Structures are given as structure tokens and as C-alpha cells.
Amino acid sequence: MGSPIVVMGVSGSGKSTVGAALAQRLRVPFGDADDFHPPANVAKMTAGHALDDQDRYPWLEAIGEWLADHEDGGVMSCSALKRKYRDQLRRHCPDVQFLHLTGSPEVIGRRQASRPGHFMPPSLLASQFQTLEPLDPDEAGIAIDVDQNIDAIIDSYVTRTATRSTEQENR
């Protein structure tokens with residue numbers, strides 16, 4: 001099938017929605033990183049406090065194990081905001097690909113405001129953007145702007161990865 005894909009980005013970028021739709025399109029399993037948080041992490045975020053690296057480590061380990069279990073294909077939504085977090089995931093699954101959902105703070109803020117009841121309060125959005133380290137050129141992945149509909153995002157990702165694969169095969 002192919003390598004697993006992590007749909008990454010700040011809270012409110014649409015990771016879960018795009019990830020689930022992409023998994024359905026590719027006919028592979030979907031995992032939502034929010035479901036891998038221990039209760040203490042959820043409580044901390046619900047209280048309006050950002051997670052630190054110590055909080056994230058076991059969470060990322062669990063996600064990395066899921067990716068390794070789905071090395072033939074799967075889609076996981078996960079913020080993966082820092083390079084070192086993505087490196088931690090790659091230690092479990094070296095072939096993982098990333099789809100970075102990008103957008104301005106204004107666009108993401110509007111999207112985040114439309115999801116009442118989510119445990120990540122909008123007040124933490126600024127800290128998400130401060131933490132974000134976009135994909136480096138040596139990381140396998142593609143960045144796509146979220147200010148478009150879900151089908152357009154998925155079509156763009158599928159087309160761009162197919163084009164990349166063809167270019168690499170022709171080398």
C-alpha cells in the first residue's frame with residue numbers, strides 16, 4: 001500500500017477531519033492522536049495549560065508504536081509541531097510521511113472557534129504557533145494550506161505525492 005501518513009499542524013487546522021477523510025480515500029486505518037493522550041494530559045490542556053515535552057514523550061511513543069504497526073499504510077492525525085517530535089515518530093517508523101496543514105492564525109482561529117467542547121481551548125492557539133517548526137527540506141512531507149475545502153486538500157495531497165513518486169522513480 002504505502003507508508004503511513006501523519007496529518008500534522010496546530011490545533012484547529014483540521015487534522016482529524018482531513019486525516020479521517022484521507023484514510024477513507026486511501027482505504028487505510030485512521031488513528032486520532034487525541035485518543036492517545038493520557039487523562040493527565042487532557043486535564044492539563046482542559047485547564048488551559050500547554051503540554052511540555054515530558055508530557056508529550058509517552059504520548060508520542062504510543063503514536064509511534066501505532067505507526068510502526070501500520071507501516072504498510074495508515075493515517076494518523078497528530079500535531080507533531082516540533083522536529084524532535086517528528087524524529088521521535090520516525091524512530092518507530094522511518095518511512096512515515098507528513099501532511100502539514102498550514103494556515104494563518106486568523107483562519108485557524110475561526111476554525112477552532114467552530115468546534116465547541118474540544119478539550120484544547122482557543123487560548124492555547126498562540127502557544128501552538130510559537131511551538132510550530134514547519135517541515136524541514138529533508139523531511140518527507142508536503143505542506144498544504146487549509147483555507148480550502150477538504151476534498152481540495154486531499155486531492156492536492158494525493159496528486160502531489162503521486163507526482164513526487166513518479167519523479168523519484170524516473171531518477
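Residues numbered from 1 in each chain as written. Predicted model: local features only at pLDDT ≥ 70, side-chain atom pairs only at ≥ 80, totals over all residues. Heavy atoms only, no water.

- Per an unreviewed UniProt entry, the chain is named Gluconokinase, and its organism is Mycolicibacterium wolinskyi.
- Per UniProt, the comment on the chain under Pathway (unreviewed entry) is "Carbohydrate acid metabolism."
- Recorded in UniProt for the chain, the comment headed Catalytic activity (unreviewed entry) runs: "D-gluconate + ATP = 6-phospho-D-gluconate + ADP + H(+)". (UniProt positions renumbered as here; feature names shortened; annotations may be inferred.)

1. A few points about the environment of Phe129
- For Phe129, the position within the fold is in helix 6 (residues 125–131).
- With 119 residues separating them along the chain, Phe129 and Val10 place their C-alpha atoms 6.7 Å apart.
- Not counting residues up to four positions away in its chain, the partners in contact with Phe129 are Val10, Gly103, Ser104, Pro105 and Ile108. (Helix = DSSP H or I, 4+ residues; strand = E, 2+ residues; numbered from the N terminus. Contact = heavy atoms within 4.5 Å.)

2. Digging into helix 1 (residues 15–26)
- Across its 12 residues, helix 1 extends 16 Å between first and last C-alpha, which sits within 8% of the 16 Å expected from 1.5 Å per residue.
- Taken as a whole, helix 1 has its buried residues at Lys15, Val18, Gly19, Leu22 and Ala23. An end-on view of helix 1 places all buried positions within 130° of arc, on one side of the element.
- Phi turns positive, to about 60°, at Arg27, one or two residues after helix 1. (Expected span 1.5 Å × (residues − 1). Buried < 20%, exposed > 50% of the residue type's maximum accessible area, 1.4 Å probe, protein only. Arc of directions from axis to C-beta.)

3. Considering a negative patch on the surface
- A cluster of like negative charges, contributed by Glu65, Asp69, Glu71, Asp72 and Asp95, occupies part of the molecular surface.
- By secondary structure assignment, the location of Glu65 is in helix 3 (residues 53–69).
- We classify Glu65 as partly exposed; its relative accessible area is 44%. (Patch = residues over 30% accessible without salt bridge, like charges linked within 9 Å, V, L, I, M, F, W, Y side chains within 5 Å. Areas by Shrake-Rupley, 256 points an atom, 1.4 Å probe, with all protein chains shown as cover. Salt bridge = Lys/Arg side-chain N within 4 Å of Asp/Glu carboxyl O. Lys, Arg positive; Asp, Glu negative; His and termini not counted. Charge placed at Lys NZ, Arg CZ, Asp CG, Glu CD.)

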